[in-house]
Amino acid sequence: MGNSYAGQLKSTRFEEVLHNSIEASLRSNTLVPRPIFSQLYLEAEQQLSSLEGGGRLDNEEEEDEGEGGLEPSSPSNAYQLPPPPEGCCTTDGFCQAGKDLRLVSVSKEPIEVPAGFLLVGAKSPSLPDHLLVCAVDKRFLPDDNGHNALLGFSGNCVGCGKKGFCYFTEFSNHINLKLSTQPKKQKHLKYYLVRNAQGALTKGPLICWKGSEFRSRQNSTNTCSSALFPPLESSGSLTAFPSEPVPGTNPSVPAGAQQPGPASDHPSGTTATGPTVFNGKESPKHPQLAKSSLSALPRPSGLGILPNSGPPKKRHKGWSPESKSTTDGGFPQGGGSKAKHEGTGIPCVPQAGLVGPTSVTFPVVASGEPVSVPDNLLKICKAKPVIFKGHGNFPYLCGNLNDVVISPLLYTCYQNSQSLSRAYEQHGASTMQPISEETQLLLTVYYLVQLAADQVPLMEDLEQIFLRSWRESHLTEIRQYQQAPPQPFPPAPSTAAPVTPVTSAQLPWLAGLAASSCNDSVHVIECTYSLAEGLSEMFRLLVEGKLSKTNYVVIICACRNATIDSCIAVTGKYQARILSESLLSPAEYQREVHYELVTGKVDSLGAFFSSLCPEGDIDILLDKFHQESQGHVSSSFTASSTKKTAMLDASGVPVCTSYHLEPRGVRPFQLAVAQKLLSHVCSIADSSTQNLDLGSFEKVDFLICIPPSEVTYQQTVFHVWHSGVLLELGLEKEPVTRKRAEQHVLKLDTEAQARFKAFLHNSFQNPHTLFVLIHDHAHWDLVSSAVHNIHSQSDPSVGLVDRLVNCREVKEAPNIVTLHVTSFPYALQTQHTLISPYNEIHWPVSYSNGVDLYHENKKYFGLSELIDSTLSGHSLPLLRYDSSFEAMVTALGKRFPRLHSAVIRTFVLVQHYAAAMMAVSGLPQMKNHTSVETLEITQNLLNSPKQCPCGHGLMVLLRVPCSPLAAVAYERLAHVRARLALEEHFEIILGHPSSGITVGKHFVKQLKMWQKIEDAEWRPQTYLELEGLPCILIFSGMDPHGESLPRSLRYCDLRLINSSCLVRTALEQELGLAAYFVSNDTPLEKGPKNEALESDGERLSSTDEDEEVGTEGCFEAGSPSEKRIPVKRERSHSHDSASSSLSSKASGSVLYGESLVPLSGPPQGELARSPPPCGPAEEGRTPGEIQQLRVSQGSTVTSRNSPGLAPQPDSSLRTGRRSLQVPAAPSPQLSSSSAGSSSACAVPAANVLVLQASQCSMAKARRQPPIVFLPKLVYDVLVSTDSSGLPKSASLLPSPSVMWTSSFRPLLSKMMTSTEQSLYYRQWTVPRPSHMDYGNRAEGRVDSFHPRRLLLSGPPQIGKTGAYLQFLSILSRMLIRLTEVDVYDEEEINTSLQEESDWHYLQLTDPWPDLELFQKMPFDYVIHDPKYEDASLICSHHQSIKSEDRGTSRKPEDLYVRRQTARMRLSKYAAYNTYHHCEQCHQYMGFHPHYQLYESALHAFAFSYSMLGEEIQLHFIIPKSKEHHFVFSQPGGQLESMRLPLVTDKSHEQIKSPTFTPTTGRHEHGLFNLYHAMDGANHLHVLVVKEYEMAIYKKYWPNHIMLVLPSIFNSAGVGAAHFLIKELCYHNLELERNRQEELGVKPQDIWPFIVIADDSCVMWNAADVDCAGERSREFSWSERNVSLKYIMQHIEASPNITHYALIGMRKWASKTRGREVQEPFSRCHVHDFIILNVDLTQNVQYNQNRFTCDDVDFNLRVHSAGLLLCRFNRFSVMKKQIAVGGHRSFHITSKVSDSSVAIMPSQYICAPDSKHTFLAAPAQLLLEKFLQYHSHRFFPLSLKNHSHPVLSVDCYLNLGPQISVCYVSSRPHSLNISCSDMTFSGLLLYLCDSFVGANFLKKFHFLKGATLCVICQDRNSLRQTVVRLELEDAWQFRLRDEFQTANAKEDRPLFFLTGRHI
């Protein structure tokens, strides 16, 4: 029942140390003694109990099934009697010689009994009332204890006197037993015969075969079972089974008392689970009681006992691994490897505080006299009892302490189950009492009683029983407190009535009552005063041999102070052995095995094997064979492989079409995972915690840390080398060498520290490189560095991962991101984990609701698919166990009690392989000395190269965890191979983590030829490079370290894995070796895709939707149990494929996919005559099954419909299904019923054998996963399910280095995603003290997570390495992308329409414009900014207007999409958005080191403006850090003005002009961080935002000054912002002039300029011009990035700057021509980034209503006012393309909410008073958009008529690109172009003011039919304007020509009137 890592090193002072240790521990009241006795069981002298019986206490059916014995080939169908010899006697009761053998007849006759023989009575089924007398050699009979019977038989017939029967089968035929089942001596030799006083022979005592009493007891119960438990009418799950015998879970005395009859008669049915129901079907005729009692049930019963579950796996959850170990605070003393440290720790006692080891107490107070352990205990018992401390006090032990093992695990389990989980406490459940000690003990007894003889108790089963019991007794309260429904435990019938608790006085009686039914399997001892009495009594009984049939002794002392003391001793030999072995840590287990090998203890095993072989020692046979075959070395193998006709390539080398190495590429899944990783990294960077500043990194570097496995190292280096990631990251240049790739992979061995230090140094030296530290296989070595510190003398590799990956430097480095990668993340998902649940990335599922999410040509086959294959309805299961192997191991375990079972298992398996090789090589007699499985593996291994022209074969993986044993296996198999002359047929490779691969020269040559490798020095370095090599890979090492295996892997032989290691990680990583990709083009299974195919990724590995039957018993074909009606999805019968008969193969259909294996049995003739038991064991199938009807292409796949094959030449052609029916007859026939084929044929296999076309095993490998062989115990754990429907393995302790927080935890659910599973483990597990996360005690608080740490988990071998390498590539691309920006790159437009003037600014080298020269330059009216490509052309008399079309207009939605951009690298002077975080600008951004946002205050600022007719109230938000820019009436008082510098100020560190940036919708993306652009210079920057966006901008830009526009401008355009900025700044200029005038400053000295900048200006450039001569036009120029500070200071230093009204610069374009920068200054339009003189432009306003083109409109107004606009052509601004916000934030929608119809620009206007749908948009926006797209409706004559433009008075409106406009100003003294010679095609009057009069308009000439458009605010002013301007004189108006914008009245539509010129 144990599972802690116990054990101590043997030493000279061992006895003394042992005694002192126990004494000290027992005297201490804080620490628990470590069970340091566990290794001493090696002294035991157990002897073989019964090899024949397989050592299992099984019922008769199991014996019928032929599971035991060393006769692996015994058939499982009905036993076929050989025909009796001609003429012999066949009468019952007589021998074949006709002599009477019946006891009644011969009892008086004298019978000659040879020495050493005994007379026994045999039972004949046909003569139930008679005994037949036989003489049997007593060596083959058991002693009184059921032990010491030799395997086999030797007997004489007492009738005819015939002697020397060596086989009981032969003897049973001779005495005419006429059996229908396999003859077994245990079954038929029943009684000793003794002579009575009269000398007559009479029936004597029963022969004590082990388990016979058990069987007879069960037989007696068969009759009552059906009456006791009628079958439940259930729909498929077990509904109302209380799992304990008593209905309630606090069994009351009356309830217990009602049960005496059933309990004593029917131990397993009653006391455990009630009737055995298989998914609602009635139980089989003979209930498989001992075996199926719990194993047959799906887990709803809550017990979920594992059939033959063996020891709890060595790091098993409930048995609190090692619980309170060692005295030094939870760490082992002395050396020890990492595994040992992992196991040590504190038990999980949640309420004990878990502060440290010392806080856990264990009551070991001495009570009375010490108990003496008898001296010869081990010799007598042949096993070392394991004593589990239970409740109360435990006495001292003294004397022979070596012969007992003491464990505190049961005590811990009791404690855990009594401490209520916090989950219930927080729901106020403290009123509920925990389960009482009496109930706990009673439930424990019930549990032990129902355990089968081959089962080992599991602590977690007990915990679940306790939890269920507690929940059922508190069901009402729990339902009341729980928000979520509890796990579906069936309510107990007794919960309705109050439950009477068991008292301590009743306890012994109830326990005895429960145990009375089990025929002494559980023995209860009651003590009066203390446990010491009971222990003494137990030792006495053991010594006297009275407990030989007892597996468990329960000792109860219930009379002391009303509390109970208890302990439980495991005395069963099988159980005690497994439990004591499970107490060894992996390191101790290795040392133990090594010790046995070194001291020669295993020699006795070898001698025993030699004696088994009837033909003599195997080695002698081998030598003989070797000598015979020396003469003809070219054996049949070589001959057959050379004579094959094969496809030859041009050079004459044979070609195999099936062999191709997988093309390397990134699969869709890997890309998806890489993108998920990237998005997680981005979310860390985007969070407000500033933990990762992606913007500050320029490149990516990485280091991959892997476990110290040479193969994994080479494999990872290979991946890095060939993935191209080094080139992609710019870390290497072509060609990348392997040496360079090796620098990025770190093997975590003793030399790792130096390289890791170099990595840290590198990261420190390169702060602008992002280093990704990838910790692959991250579940390996989680030992805390504290362990290493405490035991500094220990192995330097202890705690290495923690010392490196978790060191302070890694945690604190801002440029290191740690990525843990693992298939088994459970140990990193605890309450103390460093990884945030938000930083976990799980491999995605492949299917969602039946939709294939990522189309891949390969399908992953992992654990859940393997388990699925065990369900019936599949082909033969891929997951199997070998019962004949298990039986032999069990038998030998009893014969050699001193040897560790790993040693026995290894020797047996190696023996099997050796015998199988001999059998295949021409020694057929050796078939009886191997198992069907091993024979199948060996035959396929040897035959596969023969079927391929190139000799490709399959790989067999033989997993031998223990390195010394692996070496033994390697030597032995290599020796056998050499003697059989098979050295060139297959290779044997010893794979050890610490060493590389060694492959023979012959095979290296083959590999090089197959892989077309020229390099003479090449050697395979990874297992993947062994593709196609026929080999046995002996894979050693305690844990796999991520080694990938080739596609040619066909068999995964895991029969030697440590099956006492019941931990989820350990199990899954062993099975991960078989994980595999199969080609998708040939489906493996028919039918809809199963939910479970989600490849363990987002779902747990589940078995199926329905409840399955949980028994995996080997129901042999022909046994009565198989005659059941098949259930809907029950497991297929022949998982024990070794059930040794061929017909059993038929019952489970042909092997999953192995039907593709071509004939690989003996040659044709031999095949036809080979007897069924040892048939062609290629698959152990009948000849008929092996025949394959081939289709032309020769590719066949098995159908999932068993039995059957579906030949599929390709996915498009499907022929009819062919079903193979294999009758259990000597010559099976193949009946091929082909639905679509023309003929159906029945071919007798004996006559015609259709041989398969040769097919390379590689072709099959692409379509089929490997077949996995497991220990029976592990197999049972995997295929049995618990109540959640998950495999039992999923509910095991997830990792040896963690422990459960409480036994009050729900089970994992089948429907949990990986994320939910992670949260489950994070809630319910804590690390042990030796775990590296142990010190991280923040229990899930966010600040305990490391911000730059991620976890990637995905099933084994699914491609995680490729995914994270791809992640590095896209991360690097993203960083480059982050340092790049898309800027508009468009050539200037309308350059051909440049002013044709003689005036040019010829002073090419002038840094500033010369005012006099500049004033003489004409103004260029033409717009050159490419963003106005769709705007109306502005005409002037200087232009030579071309009348051709300016190009077709673009659709509005294309405007953004089609604008050209260029990707530019950000310079160090760029402006940034909110995503940029670097050290320098943290303070500028307002992010304090402690991330406190800066305080800011809201200040109102009001000024009156006559044109608006009201006072304007603005608000400033001014951070405290920026208050120095403002003047207040007093500190914190009224805001008075914004400080302005003087024109004469000369500061190099200040920008004089305040910068205003109007913005909307770009709080994240606007480029407001000008820190770098200004090169750190002092500057004033104000964001101008709308009122409704104030809060969000303040959140993102806490340290920026905000100017908040009044709420009336919430829906206004950019014109309003510009208007208010300008008016505010002029008002502020006046205030500053007044303020500073008092200080003696002249008004004209105050700086009048402001900057109005777009929020997308990203970088600035300066052009350097090199002029050859002063006047020369020959010059060269270059452009460079400069800071905005440089440009501003240059412009601000211009002489006479105050004479310029507007200053701007060019927009950057990559194709800027020389002549554009040749003239340094232009007088033209300026856009985007303008420097505005608010003083000069006092009387020129922006139009506050405008949405578009307001800058063009303003430029024209400024020019017409006679002011100067200057563009610095040598400066340019780059504008970033920002896809959100800005003018795009205005959406025109209908006011009718349900209208989803798109609104066209033509609908933006309508007739007044019409029923038109009104729109929710400002009237001005509708007007501007309408005119842009539909102005031709108003100005038809103007279309493409550039010589006759539209006259636009006082405003510029965009009428679309096909209409030209001529701008004139009505202001007096304004500059206008001469229009005397121009004729206009239209007149646009927009909101014209009083300056426009009738006389002004009469100066202009219009074409006949020219059109007029008058736009006014309302209809009234429209009429007044018509009258005032006397328009009706020259223009004709019609009533229908009046329009309005499509606004509702409350939205103040604009009205317009159109007319025609008369």
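Residues numbered from 1 in each chain as written. Predicted model: local features only at pLDDT ≥ 70, side-chain atom pairs only at ≥ 80, totals over all residues. Heavy atoms only, no water.

Below, the discussion takes up the overall build of the chain. Looking only at helices and strands, the chain features 57 helices and 60 strands. Expressed as a percentage of its 1958 residues, the buried residues of the chain come to 63%. Counting only contacts in the chain whose residues sit at least 6 apart along the sequence, the fraction spanning at least 24 positions is 76%. (Helix = DSSP H or I, 4+ residues; strand = E, 2+ residues; numbered from the N terminus. Buried < 20%, exposed > 50% of the residue type's maximum accessible area, 1.4 Å probe, protein only. Contact = heavy atoms within 4.5 Å.)

Let's shift gears to the packing of helix α21 (residues 586-598) against helix α37 (residues 963-979). Packing of α21 against α37 brings their axes to within 8 Å, and their N-to-C directions diverge by 45°. With respect to α37, the element α21 is oriented oblique. Of the residues in α37, those touching α21 at Q590, V593, H594 and L597 are S963, P964, L965 and V968. (Axes fitted to C-alpha atoms, helices over the stretch in contact; angles between N-to-C directions. Parallel < 35°, antiparallel > 145°, perpendicular 65-115°, else oblique.)

What follows covers the packing of aromatic side chains. Per the counting criterion, the structure on display carries 41 aromatic pairs. A centroid spacing of 4.9 Å and a plane angle of 55° characterise the contact between Y881 and Y1275, whose relative ring orientation is tilted. Of this pair, Y881 sits in strand β21 (residues 879-881) while Y1275 sits in helix α44 (residues 1272-1279); the two residues are 394 residues apart in sequence, bridging distant segments of the chain. Overall, the relative accessible area of 0% leaves Y881 in the buried class. Note on Y1275: relative accessible area 0%, which makes it buried. Between Y1023 and F1035, the aromatic rings sit 5.8 Å apart at their centres with planes inclined by 80°, giving edge-to-face as the arrangement. With Y1023 in the loop between α38 (1001-1011) and β24 (1031-1035) and F1035 in strand β24, this residue pair connects regions lying twelve residues apart in the sequence. Assigned by exposure class, Y1023 and F1035 land together as buried. (Phe/Tyr/Trp six-rings, centres within 6.5 Å; stacked < 30°, edge-to-face > 60°.)

Our focus in this paragraph is unusual backbone geometry. Following E734, the chain continues into P735 via a peptide bond in cis, with omega recorded as -15°. Looking at the element boundaries, P735 is found in the loop between α27 (725-728) and α28 (738-742). In this structure, D1809 takes a positive phi of about 65° despite not being glycine. As for its position among the elements, D1809 is in the loop between β53 (1805-1806) and β54 (1815-1816). The exposure class assigned to D1809 is exposed, which follows from its relative accessible area of 67%. One non-glycine residue, H1869, adopts positive backbone phi at about 65°. Topologically, H1869 is positioned in the loop between β56 (1860-1864) and β57 (1879-1886).

Moving on: the confidence of the model for the chain. Atomic detail in the predicted coordinates should be set aside for any region of low pLDDT. When pLDDT is averaged along the chain, the result is 77, and 72% of the positions lie at 70 or above. Across residues 212-367 the pLDDT falls below 50, and counting only partners more than four positions away or on other chains, this stretch makes 498 contacts in the model. In the predicted structure, residues 483-498 sits below a pLDDT of 50 and forms 26 contacts with residues beyond four places in sequence or in another chain. (pLDDT = per-residue confidence, 0-100.)

Attention shifts here to the sheet that holds strand β22 (residues 955-959). Across a sheet, strands are paired by hydrogen bonds formed along the backbone, either parallel or antiparallel in direction. Here six strands make up an open sheet; going across it, the order is β21-β31-β25-β22-β24-β23 and the pairing parallel. The open sheet has two edge strands, β21 and β23 (987-991), and neither has a second partner. Across this sheet, the average inter-strand angle for adjacent strands is 20°, counted without regard to direction. Pairing analysis gives three bridges linking β21 to strand β31 (residues 1267-1270), with the strands arranged parallel. Looking at the pairing, L879 lines up with V1268 of β31. Lying over the sheet, α44 contacts β21 and β31, oriented at roughly 140° with respect to β21. (Pairing = 2+ DSSP bridges.)

End to end, helix α16 (residues 459-473) covers 21 Å across 15 residues, agreeing with the expected 21 Å (1.5 Å per residue, within 8%). Along α16, 14 of the 15 residues are buried, which leaves the element largely enclosed by surrounding structure. (Expected span 1.5 Å × (residues − 1).)

Our focus in this paragraph is the pattern of salt bridges. Considering all chains together, one arrives at 57 salt bridges under this definition. E742 is the salt-bridge partner of R738, the closest N and O atoms lying 4.0 Å from each other. Placement of the pair is R738 and E742 together in helix α28, with a separation of four residues, close to one helical turn. Assigned by exposure class, R738 and E742 land together as buried. Salt-bridge contacts for E1938 lead to R1915; the nearest nitrogen and oxygen are separated by 3.0 Å. Note that E1938 is positioned in strand β59 (residues 1931-1941) and R1915 in helix α57 (residues 1915-1924), a separation of 23 residues in sequence. Here E1938 falls in the buried class, since its relative accessible area comes to 8%. A relative accessible area of 28% places R1915 in the partly exposed class. Three or more residues are tied together by salt bridges with common partners; here these are D1425, K1427, D1654, K1707, D1728 and K1775. (Salt bridge = Lys/Arg side-chain N within 4 Å of Asp/Glu carboxyl O.)

With that settled, consider the packing of helix α35 (residues 901-920) against helix α36 (residues 932-943). It is the contact of α35 with α36, at a shortest axis distance of 9 Å, that shows an interaxial angle of 50°. The angle between α35 and α36 places the two elements in the oblique class. Once α35 is placed against α36, the crossing between them reads as right-handed. The residues of α36 that touch α35, namely those facing L909, H912, Y913, A916, M917, A919 and V920, are T934, L935, I937, T938, Q939 and L942. Looking at the contact of α35 with α36 residue by residue, the class counts come to nine nonpolar, four polar and no charged. (Left-handed = near helix turned anticlockwise from the far one by under 90°. Nonpolar A, V, L, I, M, F, W, Y, C, P; charged D, E, K, R; others polar.)

So, on to the sheet that holds strand β4 (residues 189-195). Strand order in this open sheet of five strands is β3-β2-β1-β4-β5, and the pairing throughout is antiparallel. A strand with exactly one partner marks an edge of an open sheet, and here the two such strands are β3 (155-156) and β5 (201-206). In the sheet, β4 pairs with β5 via four bridges, with the strands oriented antiparallel. Its bridge partner lying in β5, V194 is registered against T202.

Attention shifts here to the side chain of K1552. Looking at the secondary structure, you find K1552 in the loop between β41 (1535-1538) and β42 (1555-1558). An unpaired buried charge is present at K1552: no salt bridge exists, and E1692, the closest side chain of opposite charge, is 5.4 Å distant. A polar side-chain atom of K1552 sits 3.0 Å from the main-chain carbonyl oxygen of V1543. One polar contact links the side chain of K1552 to the main-chain carbonyl oxygen of D1545, over a distance of 3.1 Å. Discounting residues that sit within four places of it in the chain, K1552 has contacts with P1541, L1542, V1543, D1545, W1647 and E1692. (Lys, Arg positive; Asp, Glu negative; His and termini not counted. Polar contact = N/O pair within 3.5 Å; in protein donor to acceptor, adjacent residues only side chain to side chain.)

Our focus in this paragraph is the state of the cysteines. Each disulfide is one covalent bond, formed between the sulfur atoms of two cysteines. Throughout the structure, instances matching the rule amount to zero disulfides. Of all cysteine sulfurs, the one in C1912 lies closest to C1888, which takes part in no disulfide; the gap is 5.9 Å. (Disulfide = S-S within 2.5 Å.)

Let's shift gears to the environment of P508. Its location among the elements puts P508 in helix α18 (residues 506-515). When residues no more than four places from it in sequence are discounted, the contact partners of P508 are E526, I556 and A558.

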